[in-house]
Amino acid sequence: MQAPRASRGNVEAFAVAKSEAGKSLQDLLAARCGLSRRAAKAIIDGRSAWVNRKCVWIAHHALRTGDVVEVPRAVVSAAKRQPGSAKPAAAAQDAAAPSLELRHVRVLAETPDFVIVDKPAGAVSCADPKSVEMALRLQLKIPTLEAVHRLDRDTTGCLLFAKTHTAFLAAVETFKTRRVLKTYAAICAGKFPFPHQTINQELDGKPAVSHVSREAASPDASFLRVRIETGRTNQIRRHLASVRFPVLGDRTFGLKSARDPRLLQVPRQMLHAATLELPDPMVKGATLKGHSPLPADFRACLKLFGMGK
């Protein structure tokens, strides 16, 4: 007999019954949530499954009687929406990704050579049939469109595309300089103690500089603005984790246990590319600018931790 399933706020929670002891986390999630085993594994691979308030990313993790398994409801709902539940996910966190084929990508700024769009959560930037790049090619009817840079799958906000390969090459050269201004909004775990702090710490043997400003703070979380001088892989997430204030919802560099139950309600990493500004490499003296407002789930997280209305 199965133990009762419950909803705690935005979290699906259930205790492991005696008859379920020894089952793998993958099999239990599939059975309890009405998912295929592959969809259940995608949730686990995406580090969105918690057992006894600890993040578990091993699909065959054996469960014991009384273990409490918790998963964000938004992640379970998204997994059920995936076409063909028996099909494998395209990447580790596809269970949390909405179908971009049905989504209109919001354009923030456009010139004859470039377009800056508002990237949604759960979508890759490029090199995938469901990427923002592919959706935008169809939406704007520009088959030559190319992403100039990338954002993590679960990072939202300003993303630059070039309409031609010539514009793409010119923009890539500009990105190699320090004339590109990128500002991110982030919610980190803990009360960030400094109004301003510069994190100057090499990543992968290369210089990396992040300028952090505290916008607001509660006893358990902080709202930060981060301006980066360099664009190393996962720079903000790694820098903030290195000073022990990891980004909320970061399943890779963030918290691996959740004493605070609110942490289980954070469906993705709370990182948002708020502004992007750079010289237009195709028009002398012109500037490309994009601004993306905070998305709804980011504002909801601020409210959850007492920093928003």
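In case you missed it, the structure is sitting above this.
Here's a quick rundown of the structure.

### Description of the overall build of the protein
- For the protein, the helix and strand inventory stands at seven helices and 15 strands.
- For the protein, the residues scored as buried account for 49% of the 309 residues in total.
- Taking the intrachain contacts of the protein between residues at least 6 apart in sequence as the baseline, contacts between residues at least 24 apart amount to 61%.
- With the model as given, the accessible surface of the protein reaches about 14600 Å², and the carbon-plus-sulfur share is 53%.

### As for the pattern of salt bridges
- Summed over all chains, the structure comprises 16 salt bridges.
- Its salt-bridge partner being E110, residue K163 comes within 2.7 Å of it at the nearest N-O pair. With K163 in the loop between β9 (156-162) and α5 (165-175) and E110 in strand β6 (residues 106-110), this residue pair connects regions lying 53 residues apart in the sequence.
- Of the residues examined, K163 reaches a relative accessible area of 12% and is grouped as buried.

### Overview of the layout of surface pockets
- The space that makes up the largest pocket amounts to roughly 720 Å³.
- Looking at the largest pocket, it is lined by 28 residues, and the ones nearest its centre are R150, K182, G231, R232 and T233.
- The set of elements that each furnish at least two residues to the lining of the largest pocket consists of β10 (181-189) and α6 (235-242).
- Of the residues forming the lining of the largest pocket, the biggest block, three residues, is contributed by α6.
- Its residues assigned to classes, the lining of the largest pocket comprises nine nonpolar, eight polar and eleven charged.

### Some thoughts on the packing of aromatic side chains
- Taken as a whole and judged by the stated rule, the model has three aromatic pairs.
- Taken together, a centroid distance of 6.1 Å and an interplanar angle of 85° make the contact between F192 and F194 edge-to-face.
- The exposure class of F192 is buried, given its relative accessible area of 1%.
- Note on F194: relative accessible area 38%, which makes it partly exposed.
- Their ring planes at 70° and their centres at 5.2 Å tell us that F192 and F245 sit as a pair that is edge-to-face.

### Observations concerning the environment of A147
- With respect to the helices and strands, A147 occurs in strand β8 (residues 146-147).
- Judged by relative accessible area, which is 10%, A147 ranks as buried.
- Filtering out sequence-adjacent residues up to four positions away, A147 remains in contact with C126, E133, L160, F161 and F168.

### Here's the deal with unusual backbone geometry
- In this structure, R53 is a non-glycine residue whose phi angle is positive, near 70°.
- Structurally, R53 can be placed in the loop between β3 (50-51) and β4 (54-55).
- Owing to a relative accessible area of 25%, R53 belongs among the partly exposed residues under this scheme.

About the cut-offs
- Residues numbered from 1 in each chain as written.
- Predicted model: local features only at pLDDT ≥ 70, side-chain atom pairs only at ≥ 80, totals over all residues.
- Heavy atoms only, no water.
- Helix = DSSP H or I, 4+ residues; strand = E, 2+ residues; numbered from the N terminus.
- Buried < 20%, exposed > 50% of the residue type's maximum accessible area, 1.4 Å probe, protein only.
- Contact = heavy atoms within 4.5 Å.
- Areas by Shrake-Rupley, 256 points an atom, 1.4 Å probe, with all protein chains shown as cover.
- Salt bridge = Lys/Arg side-chain N within 4 Å of Asp/Glu carboxyl O.
- 1 Å grid on protein atoms, 1.4 Å probe; cavity = no way out; pocket = protein on both sides within 12 Å on 5 of 7 lines; lining within 4 Å.
- Points joined across faces, edges and corners; volume = space filled by probe spheres on them.
- Nonpolar A, V, L, I, M, F, W, Y, C, P; charged D, E, K, R; others polar.
- Phe/Tyr/Trp six-rings, centres within 6.5 Å; stacked < 30°, edge-to-face > 60°.

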